[in-house]
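Residues per chain are reported as follows:
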Amino acid sequence: MKENLYQKIACALEEKIRNGTLKTGDKIPSLRMLHREYGVSMTTAVQAYLELEAKGLIISRPQSGYYVSYQPAYLSVPSVSKPSGGTEPIGVETLISKVYSTLSNKDVTRFSLGVPENELLPIAKLNKELVNATRNLQGSGTEYEEIQGNRKLRRDIARLTYTWNGNLNEDDIVTTAGAMNAISFGLMALTQKGDTIAVESPVYFGILQLAKSLGLKVVELPTHPVTGVEPDALKKVLSKIKVCILVSNFNNPLGSCMPDEHKKEVVKILSEQGIPLIEDDLYGDVYFGNSRPKPCKVFDEEGLVLWSGSVSKTLAPGYRVGWLAPGKFKDKIVHQKLIHTVSSTTITQEAIANFLEKGRYEHHLRKLRSELHANSLQFARAVAEYFPEGSKISQPQGGFMLWVELDKRIDTKELYDLAIRQKISIAPGRMFSLQNQFNNCMRLSYGQRWSEQIDDKLKQLGRIAKGLII
């Protein structure tokens, strides 16, 4: 009798999910509410939800509840990228400048902004830590920090690596002004003008622009929207490259996450050739699964992986607090930091160190991950409902980014120009490559609190996209 009862409850909820009464991303009643509403035991309520989970219709978020995760079957993932080695399309830098000129305009719905909005950040608590920092530091924070960085902060960062068996200590860490600053130090220390580096494709445009500014050549690797760079693709370019850069966990903009076996293989391949890997892992803490994915650094036995991260995507974008665990290249990185910055910002480092030390960070991350996961499901549902037929989207299991591949007749640069007139900003796909590709793709950030207004803006964006198909 009990079995029939939990199946009856599960069927009733399944019908609401499949007919759209309960939409992807919606929070469904808690177990206690189900227990009261149907007058059943908690065991029966749990069995009903286990039945729905087994069918992939709902997903559990720790300390948050259950959410609808059903996605229509026609939502395919984007194609595996196939960079051809062609030249950069004209006007990309102008396009990047145009897109990012709206970042401070609060009247624009900024789907182009790859950071969480203020409402998702613990600003009041950070403010208190800034005050505490000025009270506790020598000279109220006006003095230089030691070159390697705030010792307390480095100790806290090292402690966080224990969650993925990093086993780093404070002496292994060098603090930086964000993750891009860490990558910059790495490239300046390990390359010379004319050298070639390997990156994913698509990849964050900041890495591409940095490489160009240093006079480096770039090889873009075929990248799968779910599993990232394939080790076999990397093997083919080993003879050409001096350094490899990978965003191994929840790549920006694809959202891909390399499986552990791929990470291990990549580290092995590079180590055999003595090629350093700069690993940008600033999205690793924003995972939607049960545990944080390991970075490539965990498989590093030779000290050739330079692991970087920051709190710019999780806690305080404007504080510019990042770090690098440079392995065997520590002395070179410290030298680069001395040349270019002398010292990191004393007050913000101390404030972040205090926040991490008091255990608030993990509590904040749990809330942030829960909200972002729900957002990602809502965005997927909206794209399925509002965008042109045949649209493909990534299925990120963490991070902030949704990669959308549209009909080939749609140029997302033109889509941007039309959308910005309606105060909607997107990141056109051609920004994320030095080759003429991804013209029908775009990156959407779901780092904003979900609302009817966000839904309306996605619907409006979908209408504009449909209008571009002739």
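Report follows, based on the coordinates. Here the structure is a predicted model, which is why all the values come from computation and not from measurement.

About the thresholds
- Residues numbered from 1 in each chain as written.
- Predicted model: local features only at pLDDT ≥ 70, side-chain atom pairs only at ≥ 80, totals over all residues.
- Heavy atoms only, no water.
- Core = buried A, V, L, I, M, F, W, Y, C linked by side-chain atoms within 4.5 Å.
- Buried < 20%, exposed > 50% of the residue type's maximum accessible area, 1.4 Å probe, protein only.
- Contact = heavy atoms within 4.5 Å.
- Phe/Tyr/Trp six-rings, centres within 6.5 Å; stacked < 30°, edge-to-face > 60°.
- Helix = DSSP H or I, 4+ residues; strand = E, 2+ residues; numbered from the N terminus.
- Lys NZ or Arg CZ within 6 Å of the ring centre and 35° of its normal.
- Salt bridge = Lys/Arg side-chain N within 4 Å of Asp/Glu carboxyl O.

1. Observations concerning the nonpolar core
Within the largest apolar cluster, 98 residues are counted, with the highest numbers of intra-cluster contacts made by I352, L444 and L461. Contact partners of L461, with chain neighbours within four places excluded, come to F111, F387, L415, A419, I424, I426, M442 and L444. Judged by nonpolar contacts, the second largest core, of 19 residues, contains V219, V266, I269 and L270.

2. Quick notes on the packing of aromatic side chains
All told, the structure shown has twelve aromatic pairs when counted by the stated rule. Consider the rings of W307 and W323, whose centres lie 6.5 Å apart with planes at 45°: the pair is tilted. With W307 in strand 10 (residues 305-310) and W323 in strand 11 (residues 322-325), the pair connects residues that are 16 residues apart, well separated along the chain. Taking relative accessible area as the criterion, W307 reaches 4% and is therefore assigned buried. Taking the relative accessible area as the measure of exposure, W323 reaches 5% and is therefore buried. Relative to W450, the ring of F379 lies with its centre 5.7 Å away and its plane at 65°, an arrangement referred to as edge-to-face. With F379 in helix 13 (residues 360-386) and W450 in the loop between strand 16 (441-445) and helix 15 (452-467), the pair connects residues that are 71 residues apart, well separated along the chain. In textbook terms, an aromatic cluster arises when at least three aromatic residues are bridged by ring pairs, as seen for Y100, Y204, F205, W403, F432 and F438. Over the ring of Y287 we find R369, and its NZ or CZ is 4.1 Å from the ring centre.

3. Here's the deal with the pattern of salt bridges
All told, the structure shown has 23 salt bridges when counted by the stated rule. For E350, the salt bridge identified is with K152, shortest N-O distance 2.9 Å. In this pair, E350 is assigned in helix 12 (residues 346-357) and K152 in helix 6 (residues 151-160), connecting sequence segments 198 residues apart. A single burial state applies to E350 and to K152, both of which are buried. Between K242 and D195 there is a salt bridge; the shortest N-O distance is 3.4 Å. In this pair, K242 sits in the loop between helix 9 (231-235) and strand 8 (243-246) while D195 sits in the loop between helix 7 (179-190) and strand 5 (196-201), placing the two residues 47 residues apart along the sequence. Owing to a relative accessible area of 18%, D195 belongs among the buried residues under this scheme.

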